[in-house]
Amino acid sequence: MSQFEFGLIVASNAFNRWIVRCMAAAGQGDLAALDVLVLHSVHHRGREKKLADLCFILNIEEPHTVTYSLKKLVRAGLISGERRGKEIHYGVTEAGEAACLAYREVREACLIEALDALSGADPKTFNAEVAEAAGLLRALSGLYDQAARGAASL
């Protein structure tokens, strides 16, 4: 398990570095990793999101970190917020939509083409393996959450 956890740490750091640099190449160089994740989460499926939705989606316990990213993204003109009752609903602006599309283009050119080359002749098999790995990561995140609750009660 230690080897897996070390691999997860290294992969997590590489992923965070990648999304920041991909977004910088897409024209948004002042965003941190969480800002990029929040922007893409707000953009996802074209539906507005509340702070609680974003924290749930990203599995973040401390909403102040997401709140900071939301304020930063609003100041950058990438998202906008509309108060409805006690809550603010966030959606992407035209500039945010353009940033996400530019990110997608950079991702396609730098990452997806490399993955296609790595997958060899059978992309269906590779896609199935990636889907299986994603399922394992989701299952392990549940185990880690459960273990964290257990550790908090010690």
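Just above sits the structure.
Residues numbered from 1 in each chain as written. Predicted model: local features only at pLDDT ≥ 70, side-chain atom pairs only at ≥ 80, totals over all residues. Heavy atoms only, no water.

**Regarding the side chain of Ser 69**
- Here Ser 69 shows up in helix α4 (residues 63–75).
- When its relative accessible area of 1% is taken as the criterion, Ser 69 is described as buried.
- In contact with Ser 69, other than residues within four places in its own chain, are Leu 34, Asp 35 and Val 38. (Helix = DSSP H or I, 4+ residues; strand = E, 2+ residues; numbered from the N terminus. Buried < 20%, exposed > 50% of the residue type's maximum accessible area, 1.4 Å probe, protein only. Contact = heavy atoms within 4.5 Å.)

**Some words on the environment of Lys 49**
- Within the element layout of this structure, Lys 49 appears in the loop between α2 (33–43) and α3 (51–58).
- Take Lys 49: its relative accessible area is 9%, and that puts it in the buried class.
- Residues Lys 49 and Gly 91, spaced 42 residues apart in sequence, show a C-alpha to C-alpha distance of 6.7 Å.
- Once residues within four sequence positions are removed from consideration, Lys 49 is found in contact with Ser 41, Val 42, His 44, Leu 54, Ile 57, Ile 88, His 89 and Tyr 90.
- Among the polar contacts listed, one links the side chain of Lys 49 to the backbone oxygen of Ser 41, at a separation of 3.0 Å.
- Separated by 2.9 Å, the side chain of Lys 49 and the backbone oxygen of Arg 47 make a polar contact. (Polar contact = N/O pair within 3.5 Å; in protein donor to acceptor, adjacent residues only side chain to side chain.)

**Topic: the pairing of strand β1 (residues 79–84)**
- Across six bridges, β1 lies against strand β2 (residues 87–92) in antiparallel orientation. Paired with Glu 82 across the strands is His 89, a residue of β2.
- Where β1 folds back onto β2 in an antiparallel hairpin, the turn is made up of two residues, including Gly 85, whose phi is positive at roughly 70°. (Pairing = 2+ DSSP bridges.)

**Regarding the pattern of salt bridges**
- In the structure shown here, the tally under the stated rule is four salt bridges.
- Notably, a salt bridge pairs Asp 35 with Lys 72, separated by 2.8 Å at the nearest N-O pair. A residue pair is termed long-range when its members are at least 10 positions apart, and Asp 35 in helix α2 and Lys 72 in helix α4 qualify at 37 residues.
- One salt bridge connects Glu 87 with Lys 50, and the closest N-O pair in it is separated by 3.6 Å. A residue pair is termed long-range when its members are at least 10 positions apart, and Glu 87 in strand β2 and Lys 50 in the loop between α2 and α3 qualify at 37 residues.
- The class for Glu 87 is partly exposed, based on a relative accessible area of 36%.
- Judged by its relative accessible area of 23%, Lys 50 is partly exposed. (Salt bridge = Lys/Arg side-chain N within 4 Å of Asp/Glu carboxyl O.)

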